[in-house]
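# Results of the structural survey
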Amino acid sequence: MDHLPLAAAVTPESQQGRALNAYRKALATAASVAAHSVLARTMARELLPDELRDAARWGAKFVRARFFAAEKQRYTLVIRRHVDGGGYNENQLFMAARAYLATKIDPRAMRRLAVAGSRCKEADGSSSWRTLLCMEPGDSTTDVFDGVEFKWTSIETGGDDDGKKGNGGHRSKYLDLSFDAEHTAMALERYIPFVMATAEQLQRPERVLKIFMNEWRSWSAFNHHHPATFDTLAMDPALKQSIVADLDRFLKRKEYYHRIGKAWKRGYLLYGPPGTGKSSLVAAMANYLRFHLFDLDLSEVRLNSHLQRLLVTMPNKSLLVVEDIDCCFDAKPREDHKTAAALEPAIDVDYSSDSSSPSSSDDAPLKAYGEPQQNITLSGLLNFIDGLWSTSGEERVIVFTTNYKDRLDPALLRPGRMDMHVYMGYCGWEAFKTLVHNYFLVDDHPLFPEIREVISQVDVTPAEVSEMMLRSEDADVALRGLTELLRDRGRKAGKEADIKNDVVVETEGNVA
Ligand SMILES: Nc1ncnc2c1ncn2[C@@H]1O[C@H](COP(=O)(O)OP(=O)(O)OP(=O)(O)O)[C@@H](O)[C@H]1O
């Protein structure tokens, strides 16, 4: 008997039967796996200590995160180099990101690296070359911010290899910033602002500084090349360090000021005898911050409305200085100031105009009063600074200087008004060493022990010491001259003390 081939012997009924069997088996296996997993979980719960179970759970989570991370939804921000597509308006965020990424790029991880050069102004007005590392198109780099990974990719499309318009049309450069979608808010609200702020800090040294002086109700600008820096400033090292730290903290605290609802500004009161370096410190601060300096001469300001205009037209990142603040206001009680301010007619000032010449409406109050008169008040100034600066711009520093702190209106000394009071005193040993180093690059000299002893006992200002250092190009000659001056001061101080003692003794004798 012929046997049918095996395959042909399989009938539809037998196929169904086998499928049913397989289904039953699978069901039984699944039930058994479920039963085992329930059993395993119960046993684990009964037998394993809590710590071990936590560790197992963490391990499972880690494995899940590792193997399923790829499934997370990604989000990409496109940051084009030019905002208008035509190639004229550069996108500031692109430039900031490029500057920021130059500090993050690991040259060893790149196939090719682009190096860009730019000419920059130095603090002293000279210029020098700076280089910037950039990613080549197609390269990526990953940055970690608050534990979140941000991937930057450089992309270029269109144009020919020479960078001209080619068949592909405009050459378009952009940066892709990608991250897990769940971090979108963080990227937009914190990471991008952080990148911008960091880039700004990096570019700070390249800012060409200006000094502005007020004329009438507007500012005139000049290049600011004051050479004073914190390195050249002769003062107590600990005090100098605390000022630098305070400025650094101020620069970093944008979000902090926003959070506490205060204007992002900082006030310093510098006081001390003439020639102790108050103006030099102001210049050093402006150079350090890379802020424009606005030197406000209050004797030039006739009306509160002019003062208001001057203050609101100051840009961000500027340092306002009012020198000799004690001489700017008379000793009238504050009530009188109020009356003077109330007398000033309301003038509708057009802040949009940049004209420095007074408008006809501004002449009116002066004519009405006859002689131009000073209606500026300290309270007006302080109120404008507190009020206007809270609403118009940010990142401002204000410095008042005085030779006589005791003559200042208590309103200025009130806690919270000026954030830091800095006493600039007579030249001490450390300040002297800085000056000698500045002038002669000398750090030691046979006359130093004597100078050290005498300088702590007499009142000599850094300006006087500087003057002596300037008298000769020879350090020996200059230091001998200074030693003479100090000895002479010491003798005079001794005589004065003797005279005072004699007067006291005489007075006591009279009483007796
Ligand atoms: N602390 C200092 N460090 C370095 N140089 C100083 C210092 N103090 C004074 N000088 C030198 O003396 C000159 C005059 O000093 P500066 O104008 O800064 O003093 P000041 O305290 O502002 O004086 P004033 O109260 O009269 O305005 C400066 O140009 C500088 O050369």
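Throughout this document, residue positions are counted from 1 along each chain, in the order its sequence is written. Reporting in this predicted model follows two pLDDT cut-offs: at least 70 for local features of residues, and 80 or more for side-chain atom pairs to be given and counted; totals over whole chains, interfaces and linings ignore these cut-offs and use all residues.

The chain appears in an unreviewed UniProt entry as AAA+ ATPase domain-containing protein from Oryza meyeriana var. granulata. The chain has a UniProt comment under Sequence similarities (unreviewed entry) that states "Belongs to the AAA ATPase family. BCS1 subfamily." UniProt positions are given in the numbering used here, feature names are shortened, and annotations may be inferred rather than shown by experiment. Per UniProt, the comment on the chain under Catalytic activity (unreviewed entry) is "ATP + H2O = ADP + phosphate + H(+)".

Now for the site of the ligand. The ligand sits among 15 residues. The nearest are Pro274, Gly277, Ser279, Pro462 and Ala463. Numbering of helices and strands runs from the N terminus; a helix is a DSSP stretch of H or I covering at least four residues, while a strand is a stretch of E covering at least two. Among the secondary structure elements, those contributing two or more residues to the shell around the ligand are helix H8 (278-289) and helix H16 (462-470). Domain start and end points were adopted from an automatic or database domain assignment. No fewer than three residues from each of domain 2 (210-343 + 364-423) and domain 3 (429-511) sit in the shell around the ligand. The rule is simple: place the C-beta atom from the backbone, and if it lies within 6 Å of a molecule or strand, the residue is near it.

Joined through C-beta atoms within 7 Å, a set of buried Ala, Val, Leu, Ile, Met, Phe, Trp, Tyr and Cys residues constitutes a nonpolar core. Any residue with 12 or fewer other C-beta atoms within 10 Å of its own C-beta is exposed, any with 20 or more is buried, and the rest are partly exposed; the C-beta atoms used are placed from the backbone. Among the nonpolar cores identified, the biggest contains 58 residues, and Leu270, Met285, Ala286, Leu293, Phe294, Leu319 and Val399 are the most heavily contacted of them. At seven residues, H8 tops the list of elements feeding residues into this core. When residues of this core are sorted by domain, at least three fall in each of domain 2 (210-343 + 364-423) and domain 3 (429-511). Here, residues touch in the contact sense if the C-beta positions derived from the backbone fall within 7 Å of one another. Residues in contact with Phe294, not counting those within four places in the same chain, are Phe212, Trp219, Met314, Ser318, Leu319 and Leu320.

Paired strands, as defined in this entry, are two strands with at least two bridges between them according to DSSP. Ordered by their spatial adjacency, seven strands build an open sheet running S8-S7-S10-S11-S12-S9-S13, and the pairing between neighbours is mixed. If you trace the sheet from one side to the other, it starts and ends with strand S8 (218-223) and strand S13 (420-423), each paired once. Within this sheet the neighbouring strands show an average axis-to-axis angle of 25°, counted without direction. Where strand S9 (residues 265-271) lies against S13, four bridges are found, and the strand directions are parallel. Looking at S13, one finds that Tyr268 is bridged to Met420. Here, axes are lines fitted to C-alpha atoms. For helices the fit covers the stretch in contact, and angles between N-to-C directions go from 0 to 180 degrees.

This part takes up unusual backbone geometry. Positive phi, normally seen in glycine, also occurs at Trp216, with a value near 55°. By secondary structure assignment, the location of Trp216 is in the loop between strand S7 (210-215) and S8. Taking the number of C-beta atoms within 10 Å as the measure of exposure, Trp216 has 17 and is therefore partly exposed. Of note in this structure, Asp324 is not a glycine but carries a positive phi near 50°. Tracing the backbone shows Asp324 in the loop between strand S11 (318-322) and helix H10 (334-343). Accessibility expressed as a C-beta count within 10 Å gives 14 for Asp324, which makes it partly exposed.

A separate point is the packing of helix H4 (residues 92-102) against helix H5 (residues 184-203). At a minimum axis distance of 8 Å, the contact between H4 and H5 shows a crossing angle of 70°. Taken together, the axes of H4 and H5 are roughly perpendicular relative to one another. From H4, Leu93, Ala96, Ala97, Ala99 and Tyr100 reach across to H5, where they touch Val195, Met196, Thr198, Ala199, Leu202 and Gln203. Think of it as three bins: nonpolar holds Ala, Val, Leu, Ile, Met, Phe, Trp, Tyr, Cys and Pro, charged holds Asp, Glu, Lys and Arg, and polar takes everything else, Gly as well. In the contact of H4 with H5, the residues fall into nine nonpolar, two polar and no charged. Just so you know how the angles are binned, under 35 degrees is roughly parallel, over 145 roughly antiparallel, 65 to 115 roughly perpendicular, and the rest oblique.

A word on the sheet that holds strand S5 (residues 148-157). With respect to topology, four strands assemble into an open sheet ordered S1-S6-S5-S4, the strand pairing being antiparallel. Looking along the sheet, the strands with just one partner apiece sit at the ends: strand S1 (74-80) and strand S4 (140-145). With strand direction ignored, the average angle separating the axes of adjacent strands in the sheet is 25°. Of the strand pairs in this sheet, S5 and strand S6 (residues 172-180) are connected by seven bridges, and their pairing is antiparallel. Across the sheet, Trp152 pairs through a bridge with Leu177, a residue of S6.

Counted residue by residue, helix H9 (residues 304-312) has seven buried out of nine residues, so it is predominantly covered. Every buried residue of H9 is accounted for by Ser305, His306, Leu307, Gln308, Arg309, Leu310 and Leu311.

A few words on helix H6 (residues 237-252). The span you would expect from a helix comes to 1.5 Å times its residue count less one. In a regular helix each residue adds 1.5 Å, so 16 residues correspond to 22 Å; H6 covers 23 Å between its end C-alpha atoms and thus fits that length. Buried residues of H6: Lys240, Ile243 and Leu251, and no others. For H6, the arc enclosing every buried residue in end-on projection is 75°, short of the 170-degree limit, so these residues lie on one face. Across H6 from its buried face, at more than 90 degrees, point the exposed residues Ala238, Gln241, Ala245, Arg249 and Lys252. On its buried face, H6 is in contact with S13. As used here, the arc is the angular range of directions from the helix axis to the C-beta atoms.

It is at 10 Å that the axes of helix H14 (residues 429-440) and H16 come closest, and there the two elements cross at 30°. Here H16 runs roughly parallel to H14, going by the angle between their axes. Handedness of the crossing formed by H14 with H16: right-handed. On the side of H14, the interface is formed by Ala431, Phe432, Leu435, Val436 and Tyr439, while H16 contributes Pro462, Val465, Ser466 and Met469. The residue makeup of the contact of H14 with H16, split by class, is eight nonpolar, one polar and no charged. Crossing handedness: left-handed means the near helix sits turned counterclockwise from the far one by under a right angle, and right-handed means the same turn made clockwise.

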